[in-house]
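Each chain is listed here by its residues.
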Amino acid sequence: MKYYYFYSPIYEYYNNHIIENLKNIFDVNPILIDDIKPNLGGKKGHTFNGGVTIKIELVIKCIKENMNKMIIFTDCTIFINKNNSIYLKEYFNNYKKNDLTFADNRINDDHNIGIMLIDCNKKTLEFFEKVYTTLKRDKGWDQKVINDLLKLETDLIYEKFDNKIYCNWKLNNEYKKSFYIFKSFIRHKNDKIVNFNKRINIFYNSGLITKEEYNKIIK
């Protein structure tokens, strides 16, 4: 199965982390893009707020290149549990019945688009093309647009991953041994270095990296 993720130069740490942990499990396909300038004009400031379409454009491209196949598409800003990475292939295969599977956003009933399993078919292609059009028109946030459109869907089969793929502001103790992939939340600032360091601090405070690793990574 092909595993796609996109990253920019400031996130080279994550690129190395994903390749190191998944190269023997998936066909890993990193996509290098330019650093995204924060757009924090909305009431709930977010790097991808204000109609940033790059993720959706890349998803559409990947679907078109892999029609009738399953792919994984993620953000780069994830932490993979190296002790459990060998289970990931079988884990994703358990969700192959769906057109789309998303991470559980947990803090609300939303689907988190930072980690997606996609069946590349006509339905999913048309869905993400609709997402792109809506995003361009309304200048919103890609994740909110997707969640709003999912509520109107009648044809797509979709669900959320269980807590083996864990999204939250921190990694709770009860999941430290069992999680497969951790996706951390941050409140974005208008400074890419500050945003980068926030997630590294979460990893360190969650006991995922050592003090030595922390000192090498932090900017």
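**Student:** Would you explain the sheet that holds strand β3 (residues 70–75) in this entry?
**Tutor:** Two modes of strand pairing occur in sheets, parallel and antiparallel, and in both the strands are linked by backbone hydrogen bonds. With mixed pairing, six strands are arranged side by side in an open sheet as β2-β1-β3-β6-β5-β7. Two strands lie at the open edges of the sheet, namely β2 (27–32) and β7 (158–160), each paired on one side alone. Strand-to-strand twist of the sheet, defined as the mean angle between neighbouring strand axes without regard to direction, takes the value 20°. Pairing analysis gives three bridges linking strand β5 (residues 100–104) to β7, with the strands arranged parallel. Counted as the bridge partner of Phe 102 is Lys 160 from β7. Those strands touched by helix α1 (residues 12–22) are β1 (2–7), β2 and β3, and its axis lies near 165° from that of β1.

**Student:** Just to check I follow, could you spell out the pattern of salt bridges for this structure?
**Tutor:** When the charged atoms of two side chains with opposite charge come close together, those side chains can pair. The full count for this structure, using the stated rule, is 12 salt bridges. Note that Lys 61 and Glu 65 form a salt bridge whose closest N and O atoms lie 2.6 Å from each other. Placement of both Lys 61 and Glu 65 in helix α2 (residues 54–65) is noted, with a separation of four residues, approximately one turn of the helix. Salt-bridge contacts for Asp 75 lead to Lys 183; the nearest nitrogen and oxygen are separated by 2.9 Å. Note that Asp 75 is positioned in strand β3 and Lys 183 in strand β9 (residues 181–184), a separation of 108 residues in sequence. Lys 183 matches Asp 75 in its accessibility class, with the two residues each being buried. Counted as one network, the salt bridges with shared partners bring together Lys 55, Asp 75 and Lys 183.

**Student:** What exactly am I supposed to notice about the side chain of Asn 15 here?
**Tutor:** Here Asn 15 shows up in helix α1. Excluding residues within four positions of it along the chain, Asn 15 makes contact with Tyr 5, Tyr 7 and Pro 30.

**Student:** Hey, could you run me through the side chain of Asn 112 in this one?
**Tutor:** The topology assignment puts Asn 112 in strand β6 (residues 111–119). Judged by its relative accessible area of 4%, Asn 112 falls in the buried class. In this structure the side chain of Asn 112 is engaged in a polar contact, spanning 2.7 Å, whose partner is the side chain of Asn 105.

**Student:** So what exactly am I meant to see when it comes to helix α5 (residues 142–150) here?
**Tutor:** An α-helical turn contains 3.6 residues, so a residue and the one three or four places further along point in the same direction. Counting buried positions over the nine residues of α5 gives seven, a clear majority of the element. Among all positions in α5, only Asp 142, Gln 143, Val 145, Ile 146, Asn 147, Leu 149 and Leu 150 are buried. Where α5 is buried, its residues contact α2, β5, β6, α4 (122–138) and β7.

Rules of the game
- Note on numbering: residues in each chain are counted from 1, in written sequence order.
- Local features in a predicted model are, by the rule used here, given only for residues with pLDDT of at least 70; side-chain atom pairs are given and counted only at 80 or more, and totals for whole chains, interfaces and linings are based on all residues.
- Excluding hydrogens and water, the side-chain figures rest on all heavy atoms present in the structure.
- When DSSP finds two or more bridges between a pair of strands, those strands are recorded as paired.
- Under the DSSP-based scheme used, a helix requires at least four consecutive residues in state H or I and a strand at least two consecutive residues in state E, with every element numbered from the N terminus.
- To get an axis, a line is fitted to the C-alpha atoms, and for a helix only the part in contact is used. The angle between two axes follows their N-to-C directions and goes from 0 to 180 degrees.
- The contact rule is simple, with two residues in contact once any of their heavy atoms fall within 4.5 Å.
- For this analysis, a salt bridge means a side-chain nitrogen from Lys or Arg found within 4 Å of a carboxyl oxygen belonging to Asp or Glu.
- Exposure classes here rest on a 1.4 Å probe applied to the protein chains alone. A residue is buried below 20% of its type maximum, exposed above 50%, and partly exposed in between.
- Pairs of N or O atoms are called polar contacts if they sit within 3.5 Å, as long as, within protein, a hydrogen donor faces a hydrogen acceptor (for residues adjacent in sequence, only side-chain-to-side-chain pairs).

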